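# Structural overview
Residues per chain are reported as follows:
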Amino acid sequence: MIFLSVFFAFWLSEYRESKKDSETLDISIQYIASEMTYNHHRIESIFKYHSDLLREIDSLRQQSDSNWMELEGSDLTNWKGLQTPLLRSAAYQTYLNSNLIDNVEFEWAKSLTRVYYAQSITERLDNSFIEYVITDSESLTSLPRLRNLIRIYLSTLPEVMMEYQRAKKEWLNKYGYDIDIENDELRNEVNRRMRNY
């Protein structure tokens, strides 16, 4: 009888701990979904802004009388400064640091890792850009430099969004990240990449 009561007490304690971990995991995933919703809107906004700037720069390049190589970003009609995505990853970092990864299906953990790995490339690009602004005295917003930087962002942001959409489809739609891509150009590029994946 004593053995059974001790066994039952251990079982009950383990059950409560498991239930608590499960609830904590659900909350953590909801925070990740919320963070990805914020990032999704940032990606769409920055993608549209950079696409518009690139079209304007390329239009200037096509004009035979254009001195586009001597112009600055501030000379562009749609210029609102050089905006970077500055995507958030605090919810994911908290999830990693809380050791909840042990309680997650392998495929789900792999999906999240793909999302935040793709996003980390954009974060490193943001950090490099910020470091460059601080340490370089040359004009970063000269149109040739600006064009190159914009093209880098326009090639990496669809990759991040593709991973977001894959995670949404596989796991995150039931936790609140269920947003479709509104920007036609971005959606078409993401779909093209998903077909070729």
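Residues numbered from 1 in each chain as written. Predicted model: local features only at pLDDT ≥ 70, side-chain atom pairs only at ≥ 80, totals over all residues. Heavy atoms only, no water.

## Digging into the overall build of the protein chain
We apply this condition: Note on conventions: DSSP H or I runs of at least 4 residues are helices, E runs of at least 2 residues are strands, and numbering of each starts at the N terminus. Only protein chains enter the accessibility calculation, which uses a 1.4 Å probe. A residue is then buried if its area is under 20% of the maximum for its type, exposed if over 50%, and partly exposed in between. The contact definition used throughout considers only heavy atoms, calling two residues in contact when any of these lie within 4.5 Å.
Secondary structure assignment for the protein chain yields five helices and zero strands. Counting from the amino terminus, helix and strand elements in the protein chain follow one another as α-α-α-α-α. For the protein chain, buried positions account for 40% of its 197 residues. Within the protein chain, contacts between residues separated by at least 24 positions form 82% of all contacts whose residues are at least 6 apart in sequence.

## Points about helix H2 (residues 90–97)
Cut-off, in case you're wondering: Each direction from the helix axis to a C-beta atom contributes to the arc, which is the arc of those directions.
Burial in H2 covers these residues: Ala91, Tyr92 and Tyr95. Seen from one end, H2 has its buried residues packed into an arc of 100 degrees, which puts them on one side. Turned more than 90 degrees away from the buried face of H2, the exposed residues are Ala90, Thr94 and Asn97.

## Details of the confidence of the model for the protein chain
Defined as follows: pLDDT runs from 0 to 100 and stands for how confident the predictor is about each residue.
Averaged over every residue, the pLDDT of the protein chain is 86; the share at 70 or more is 87%. Ranking the helices and strands of the protein chain by mean pLDDT puts helix H5 (residues 184–196) first, with 96, and helix H1 (residues 2–62) last, with 80.

## Some details on the environment of Tyr92
Here Tyr92 shows up in helix H2. C-alpha separation for the pair Tyr92 and Thr113, spaced 21 residues apart in sequence, amounts to 9.3 Å. Excluding its chain neighbours within four sequence positions, the residues that come into contact with Tyr92 are Ile32, Glu35, Leu112, Thr113 and Tyr116.

## Details of unusual backbone geometry
At Leu86, a residue that is not glycine, the phi angle is positive and equals roughly 45 degrees. Relative to the elements of secondary structure, Leu86 occurs in the loop between H1 and H2.

## A closer look at the packing of aromatic side chains
Given two aromatic rings, their pairing is described by the distance between the two centres and the angle made by the two planes. Just so we agree on the cut-off: For Phe, Tyr and Trp, where Trp contributes only its six-membered ring, two rings pair if their centres lie within 6.5 Å, and the inter-plane angle classes them as stacked under 30 degrees, edge-to-face over 60, or tilted in between. Charge-over-ring placement is defined geometrically: NZ (Lys) or CZ (Arg) within 6 Å of the ring centre, and within 35 degrees of the ring normal.
This model, assessed by the stated rule, comprises four aromatic pairs. Measuring from ring centre to ring centre gives 5.9 Å for Tyr95 and Trp108, while their planes differ by 75 degrees; the resulting arrangement is edge-to-face. Residue Tyr95 is located in helix H2, and its partner Trp108 is located in helix H3 (residues 106–135); the two are separated by 13 residues in the primary sequence. We note that Tyr95, like Trp108, is buried. Sitting over the ring of Tyr38, Arg88 keeps its end group 3.6 Å from the ring centre.

## What to know about the pattern of salt bridges
A side chain of one charge can pair with a side chain of the opposite charge if their charged atoms are brought near each other. Here is the rule we go by: Salt bridges are defined by distance alone: a side-chain nitrogen of Lys or Arg within 4 Å of a carboxyl oxygen of Asp or Glu.
Evaluation of the coordinates by the stated rule reveals 13 salt bridges. Between Arg55 and Asp52 there is a salt bridge, with the nearest N and O atoms lying 2.9 Å from each other. Here Arg55 and its partner Asp52 are both found in helix H1, three residues apart, which amounts to about one turn of the helix. Judged by relative accessible area, which is 43%, Arg55 ranks as partly exposed. For Glu189, the salt bridge goes to Arg192, with nearest N and O atoms at 2.6 Å. With Glu189 and Arg192 both in helix H5, this residue pair falls three residues apart, about one helical turn. Where salt bridges share partners, they join Lys48, Asp52, Arg55 and Glu185 into one cluster.

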